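# Coordinate analysis (summary)
One letter stands for each residue in the lines below.
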Amino acid sequence: GQNIDQPTEMTATEGAIVQINCTYQTSGFNGLFWYQQHAGEAPTFLSYNVLDGLEEKGRFSSFLSRSKGYSYLLLKELQMKDSASYLCAVSNYGQNFVFGPGTRLSVLP
Amino acid sequence: EAGVTQSPTHLIKTRGQQATLRCSPISGHTSVYWYQQALGLGLQFLLWYDEGEERNRGNFPPRFSGRQFPNYSSELNVNALELEDSALYLCASSDSSSSNQPQHFGDGTRLSIL
């Protein structure tokens, strides 16, 4: 079966660092993707990991451990505009994606 | 480069009617995906088309159907509309010529069933 878990909601303070976790159990694995979705808008692609380790992209970093079925998205120097839902998605074969339920992040002043 | 475009932006129907949603992928992308996102919920996979063929289908009833045209644009058809079909319908496209390509989303069609 396919199962992806993320925390439902998180709250953090402007300027802080927050880590959003994602665990997955899928029938195959080709890569893990993170998306940001502001309320009422389309998801936008943030990052992807196909090999174990950390991928850094400015204020955003994403980590993957395939043996543990685990990933996290790290957001540094939080800004108010980072308040959004963050979606974890696994590509399990070909280009088939399975999306997690999303984590709603609220950044407080 | 133009992104994924969807039309219409909003669509209002009544129960029992039929709805057609349209999607144009990014130029050069051959794969098109459809998702349903009900208010406050996650993305639910509907359909995946590539090179004109249906490659995979999510856990939705047969009244959800679609097709992909030779220019890779796509239509999603929903027959016998029910109240619970009210949702944001998102289309995404990707370059299937190589693996691990991200999906890029359109702004969606908000379907409201009265």
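Refer to the preceding data block for the structure.
Treat the numbers as computed from the prediction; the structure is a model and nothing was measured.

### Brief notes about the pattern of salt bridges
All told, the structure shown has 9 salt bridges over all chains when counted by the stated rule. Arg66(A) is the salt-bridge partner of Asp52(A), the closest N and O atoms lying 3.0 Å from each other. Taken as a pair, Asp52(A) in the loop between β5 (44–49) and β6 (53–57) and Arg66(A) in the loop between β7 (60–65) and β8 (70–75) lie far apart in primary sequence, 14 residues in all. The class of Arg66(A) is partly exposed, set by a relative accessible area of 42%. For Arg63(B), the salt bridge identified is with Glu82(B), shortest N-O distance 3.4 Å. You can see Arg63(B) sitting in the loop between β6 (53–57) and β7 (64–68) and its partner Glu82(B) sitting in the loop between β8 (74–78) and β9 (87–94), a full 19 residues away along the chain. Residues joined in a network through salt bridges with shared partners are Arg22(B), Arg67(B) and Glu75(B).

### Overview of the environment of His29(B)
Residue and element names in this part refer to chain B. Tracing the backbone shows His-29 in the loop between β3 (19–24) and β4 (31–37). In this structure, the C-alpha to C-alpha distance between His-29 and Leu-43, residues 14 residues apart in sequence, is 21 Å. Side-chain polar atoms of His-29 contact the side chain of Ser-93, separated by 2.8 Å.

### Looking at the packing of aromatic side chains
Tallied over the entire structure, the rule returns 17 aromatic pairs over all chains. Consider the rings of Tyr24(A) and Phe29(A), whose centres lie 5.1 Å apart with planes at 15°: the pair is stacked. What makes Phe29(A) partly exposed here is its relative accessible area of 25%. Both rings, one in Phe33(A) and one in Phe97(A), keep their centres 4.6 Å apart while their planes meet at 35°; by these two values the pair is tilted. Of this pair, Phe33(A) sits in strand β4 (residues 31–37) while Phe97(A) sits in strand β10 (residues 96–99); the two residues are 64 residues apart in sequence, bridging distant segments of the chain. Among the residues examined, Phe33(A) registers a relative accessible area of 0% and is labelled buried. An aromatic cluster of three or more residues is present, and its members are Phe33(A), Tyr35(A), Phe45(A), Tyr48(A), Phe97(A), Phe99(A), Tyr35(B), Phe45(B) and Phe105(B).

### A short note on the interface of chain B and chain A
Each partner contributes residues to the interface: chain B has 22 residues there, and chain A has 18 residues. Of the roughly 1600 Å² buried at the junction of chain B and chain A (both faces included), carbon and sulfur atoms supply 54%. In this structure, the connection of chain B to chain A is made through 0 salt bridges. Taken together, the connections running from chain B to chain A amount to 2 residue pairs in polar contact (both at pLDDT 80 or more). Elements represented by at least two residues in the side of chain B that touches chain A include exactly β4, β5 (44–50) and β9 of chain B. Take the side of chain B that touches chain A: its biggest share by element is 3 residues, from β4(B).

### A few points about the sheet that holds β3(B)
All names here are of chain B. Read across the sheet, 4 strands follow the order β1-β3-β8-β7 without closing on themselves; strand pairing throughout is antiparallel. Two strands bound the open sheet, and with one partner strand each, they are β1 (5–7) and β7. Taking the axes of each pair of neighbouring strands and ignoring which way they run, one obtains an average angle of 15° across the sheet. With 3 bridges joining them, β1 and β3 adopt antiparallel strand pairing. Residue pairing across strands places Ser-7 opposite Arg-22, the latter belonging to β3.

### Quick word on unusual backbone geometry
Omega for the peptide link from Ser7(B) to Pro8(B) comes to -10°, which places this bond in the cis form. As for its placement among the helices and strands, Pro8(B) is situated in the loop between β1 and β2 (10–13). Not every positive phi belongs to a glycine, and Glu77(A) is a case in point at roughly 45°. Inspection of the secondary structure assignment puts Glu77(A) in the loop between β8 and β9 (84–93). Even without glycine at this site, Tyr72(B) takes up a positive phi of about 75°. A relative accessible area of 27% places Tyr72(B) in the partly exposed class.

Thresholds applied
Residues numbered from 1 in each chain as written. Chains lettered and ligands numbered in written order. Predicted model: local features only at pLDDT ≥ 70, side-chain atom pairs only at ≥ 80, totals over all residues. Heavy atoms only, no water. Salt bridge = Lys/Arg side-chain N within 4 Å of Asp/Glu carboxyl O. Helix = DSSP H or I, 4+ residues; strand = E, 2+ residues; numbered from the N terminus. Buried < 20%, exposed > 50% of the residue type's maximum accessible area, 1.4 Å probe, protein only. Polar contact = N/O pair within 3.5 Å; in protein donor to acceptor, adjacent residues only side chain to side chain. Phe/Tyr/Trp six-rings, centres within 6.5 Å; stacked < 30°, edge-to-face > 60°. Contact = heavy atoms within 4.5 Å. Buried area = accessible area lost by both parts, 1.4 Å probe. Pairing = 2+ DSSP bridges. Axes fitted to C-alpha atoms, helices over the stretch in contact; angles between N-to-C directions.

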